[in-house]
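Below are the chains, spelled out letter by letter.
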Amino acid sequence: MDAKLISAVEDPRWEATEAQLRAQGARRFAAAMVALAGLWVFAAVAAVANGPVRIPPGHVVSSLASRAGIDVGTHTERERLVIERLRLPRVVLATLAGASLAAAGATMQALFRNPLADPGLLGVSSGAATGAVAAIAAGLGAVSMWWVSGAAFGGALGAVALVYVLGSPGGRPAPSSLLLAGIAVSAFLGSVTAVIIALVPPDEALRGILFWLAGGFAGASWDYVRVAVFPVAAGLAVLGAAGRPLNLLAISDDIAATSGVRVGRTRAALLGATTLVTAVSVSVSGTIGFVGLVVPHLLRLVIGSDYRYLLPASMLAGAAVLVGADTVARTVVRPAELQVGMVTALIGAPVFAAILLRQRSRLAIQV
Amino acid sequence: MRTSQFVLSAEGVGYRAGGRWLVRDVSLTVTPGEFVAVIGPNGAGKSTFARLLAGLLRPASGRVRFELDGQAAGPRAARHLAYVPQSVPEAAGFTAGEMVLMGRYPHRGALARETREDREAAAMAMAWMGVLELAGRRFATLSGGERQRVMVARALAQADSLVILDEPTASLDVRHQLELLERLRLLASAGMAFVVVLHDLQLAGRWCDRLLLLDRGTAAASGAPREVLDPAVLSRVYGLEARVSWDEGGACRVDFGLRERFAPAASPGGVRR
């Protein structure tokens, strides 16, 4: 707009607003990313140090550095093996799953304009559960855990495909229809899972099923990491670059479309990416609740709703939270182990309730 | 403010949904400097037509074209043409300032940050709509009228040529209605163009230089306010007795009255369902 029009408004304060717009978001984001990275490093070191064998943090750093050929401090060979064979893959897997679940949750909340949306909205979790439970009940869990993970992945993708077909009246997916189809398919698969559990004799298989359903990283290994890392990295890269279309889609499809976003394609691509990262995570770790729902909401309170900031921050925060929760799960009732899904639910549910109460004053989220 | 010439044209545009024509064979051409109102009773197809113009719906017949300097606008259309929806869901947790700044997305590469130029454009658009003091407020906490003005500011930050507004005055009080139309009028005189869906015939007659009167999806009349706001035409379309008067300042007054209540079938264009 030209100067004549501005003077017609006679409001010189717009320059101050320009400065205000510059200050919004970006600075808080940078600070939040530094803090979250620190939190993740802290959680990772704590995770590697703690367990049945307690390893001093200095030895952890020394062991990891020696891998890179840097010689700082001391550690024993046994400590190095515990770290590298047992604890590190577990930390990496929890990092991948936490980043995936939190990013997928934030994306779903934007795409469905629904603050209660979580990564399992389109049936990923229930499909994975049905697949895994069926595989365990069939005795495949005793053969190899790969069968269980593979069945979980297949179940997850199958469930989402079904939801997508049911939620596309007239061949075009519609958010409200997808939401309803997701609820219907999840409910149906939940009862299928329940039926399988009822039919399984109460023995090892049942314990395996319950263990899987609670979600955890007890079976973590570098093999799992190798399978999970590429699809997760690809999916997260897509989501991390999608902040702008997500911002527009979080407002309205019409605004997005008239801002140059190809709404149908973009939504399909983003749903595909969330499905991929969620399905991979669930397949290697079982169903872990509340991370995808709560982490983005917590971050919104701190850095605001701009998805260009929220998505990278969610990945980092989700990773830190899940690594921390897994460490708590492993160590709090030693020598037994809790499942990480129990810990996230025990902590996540009250935190979510607290956010809901806070919402009355802040209106950070709206139902 | 604008550097390019533009034309938005709808030629014999139709749109079908649920087995019936919501809009049928409507034509409209909008060029720089014009301020066009789309008027008509409920269900006449005003919003559908606005969405067709904005490219949000694909016409079942005819075509909509947006040309810049004589060529189809293509993927850069969003820099020149914006749309203000009737209502915006409040779910988004953005501040009003963030919402307006998003209007600048079409002007930058996919991963680029906003520049000073973008922030200035956003701030000026907010100044223009009188919503500067709302910049740091959460959009969800704003009143309906404040939201509507922020959304208009967003569109002005986005497009430098043409803005299509669906019922922009719906939740505004009288003062803000007049201010909005006056400012759009001023921007139009500076070379922009606006297509505004309006319920209020008096506002349309007072502020717009061309009216398109829709009736059950078709164009009942189109042209200058004094031609379109004709008592006979309005009577036919609205099924009510109409009286129209104009004062020297160009202000328009439309009065409607119910016809003979007990003889609806007697008049051919009588009260419709």
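Data block above holds the structure.
Given the structure is predicted, the values throughout are model-derived calculations rather than measurements. (Residues numbered from 1 in each chain as written. Chains lettered and ligands numbered in written order. Predicted model: local features only at pLDDT ≥ 70, side-chain atom pairs only at ≥ 80, totals over all residues. Heavy atoms only, no water.)

Colleague: Run through the overall build of chain B, naming residues and quoting values.
Modeller: A tally of regular secondary structure across chain B gives eight helices and 12 strands. Here chain B has a C-alpha radius of gyration of 19 Å; the compact-globule value for 273 residues is 19 Å, and the two agree. In terms of overall dimensions, chain B has a C-alpha envelope of 65 × 40 × 40 Å along the principal axes. Looking at chain B residue by residue over its 273 residues, the buried ones come to 55%. Long-range contacts, defined here as pairs at least 24 residues apart, represent 65% of the contacts in chain B between residues at least 6 apart. Just so you have it, chain B exposes about 11600 Å², and 48% of that area is on carbon and sulfur atoms. Of note, chain B has its 35 positive side-chain charges centred 6 Å away from the centre of its 29 negative side-chain charges. (Helix = DSSP H or I, 4+ residues; strand = E, 2+ residues; numbered from the N terminus. Rg over C-alpha atoms; globule rule 2.2 N^0.38 Å. Buried < 20%, exposed > 50% of the residue type's maximum accessible area, 1.4 Å probe, protein only. Contact = heavy atoms within 4.5 Å. Areas by Shrake-Rupley, 256 points an atom, 1.4 Å probe, with all protein chains shown as cover. Lys, Arg positive; Asp, Glu negative; His and termini not counted. Charge placed at Lys NZ, Arg CZ, Asp CG, Glu CD.)

Colleague: Account for the packing of aromatic side chains, with residues named and values stated.
Modeller: On inspection of all chains with the given rule, the structure shows six aromatic pairs over all chains. With centroids separated by 4.7 Å and ring planes inclined at 25°, the aromatic side chains of Phe29 of chain A and Tyr309 of chain A adopt a geometry described as stacked. Of the two residues, Phe29 of chain A sits in helix H3 (residues 26–49) while Tyr309 of chain A sits in helix H16 (residues 307–331), which places them 280 residues apart along the sequence. Consider the rings of Tyr238 of chain B and Phe256 of chain B, whose centres lie 5.2 Å apart with planes at 40°: the pair is tilted. Residue Tyr238 of chain B is found in helix H8 (residues 231–238), and its partner Phe256 of chain B is found in strand E12 (residues 252–257); the two are separated by 18 residues along the sequence. (Phe/Tyr/Trp six-rings, centres within 6.5 Å; stacked < 30°, edge-to-face > 60°.)

Colleague: Requested: an account of the interface of chain A and chain B, with residues and values cited.
Modeller: Taken residue by residue, the interface counts 39 residues in chain A and 54 residues in chain B. When chain A packs against chain B, the two sides together hide about 4100 Å² of surface, and 64% of this comes from carbon and sulfur. At the surface where chain A touches chain B, the tally comes to four salt bridges. Where Glu18 of chain A meets Arg119 of chain B, a salt bridge forms, and the shortest distance between an N and an O atom there is 2.8 Å. Counting across the interface, chain A meets chain B through 10 residue pairs in polar contact (both at pLDDT 80 or more). Residue assignment for the side of chain A that touches chain B shows that the elements contributing at least two residues are helix H1 (3–9), helix H2 (14–23), helix H12 (243–251), helix H13 (253–257) and H16 of chain A. Of the residues forming the side of chain A that touches chain B, the biggest block, six residues, is contributed by H2 of chain A. (Buried area = accessible area lost by both parts, 1.4 Å probe. Salt bridge = Lys/Arg side-chain N within 4 Å of Asp/Glu carboxyl O. Polar contact = N/O pair within 3.5 Å; in protein donor to acceptor, adjacent residues only side chain to side chain.)

Colleague: Explain the pattern of salt bridges residue by residue, including any values.
Modeller: Residue and element names in this part refer to chain B. Considering all chains together, one arrives at 24 salt bridges over all chains under this definition. Here Arg108 and Asp118 are joined by a salt bridge, their closest N and O atoms 2.7 Å apart. Taken together, the positions of Arg108 in the loop between helix H2 (96–102) and helix H3 (116–128) and Asp118 in helix H3 put the pair 10 residues apart, joining distant regions of the chain. Here Asp209 makes a salt bridge to Arg185, at a shortest N to O gap of 3.1 Å. Note that Asp209 is positioned in the loop between helix H6 (201–207) and strand E9 (210–215) and Arg185 in helix H5 (residues 174–189), a separation of 24 residues in sequence.

Colleague: Explain empty space enclosed by the protein residue by residue, including any values.
Modeller: Applying the stated criterion across every chain yields a total of two cavities of 30 Å³ or more. Estimates place the volume of the second largest cavity at around 40 Å³. (1 Å grid on protein atoms, 1.4 Å probe; cavity = no way out; pocket = protein on both sides within 12 Å on 5 of 7 lines; lining within 4 Å. Points joined across faces, edges and corners; volume = space filled by probe spheres on them.)

Colleague: Tell me what's going on with helix H14 (residues 263–285) of chain A, and back it up with residues and numbers.
Modeller: All names here are of chain A. Here H14 is 23 residues long and its end C-alpha atoms lie 33 Å apart, about the 33 Å a rise of 1.5 Å per residue gives. Counted residue by residue, H14 has 17 buried out of 23 residues, so it is predominantly covered. Taken from the residues just after H14, Gly286 is the one with a positive phi, measuring 80°. (Expected span 1.5 Å × (residues − 1).)

Colleague: Let's hear about the environment of Thr29 of chain B: which residues, and what values?
Modeller: Residues and elements named next belong to chain B. Mapped onto the fold, Thr29 is located in strand E2 (residues 20–30). Looking at Thr29, the relative accessible area reads 39%, which means it is partly exposed. Spatially, the C-alpha atoms of Thr29 and Met102 are 29 Å apart, while their sequence positions differ by 73 residues. Look past the residues within four positions of Thr29 in its chain and what remains in contact with it is Val7, Leu8, Ser9, Glu34 and Arg210.

Nothing here speaks to function; it is geometry throughout.
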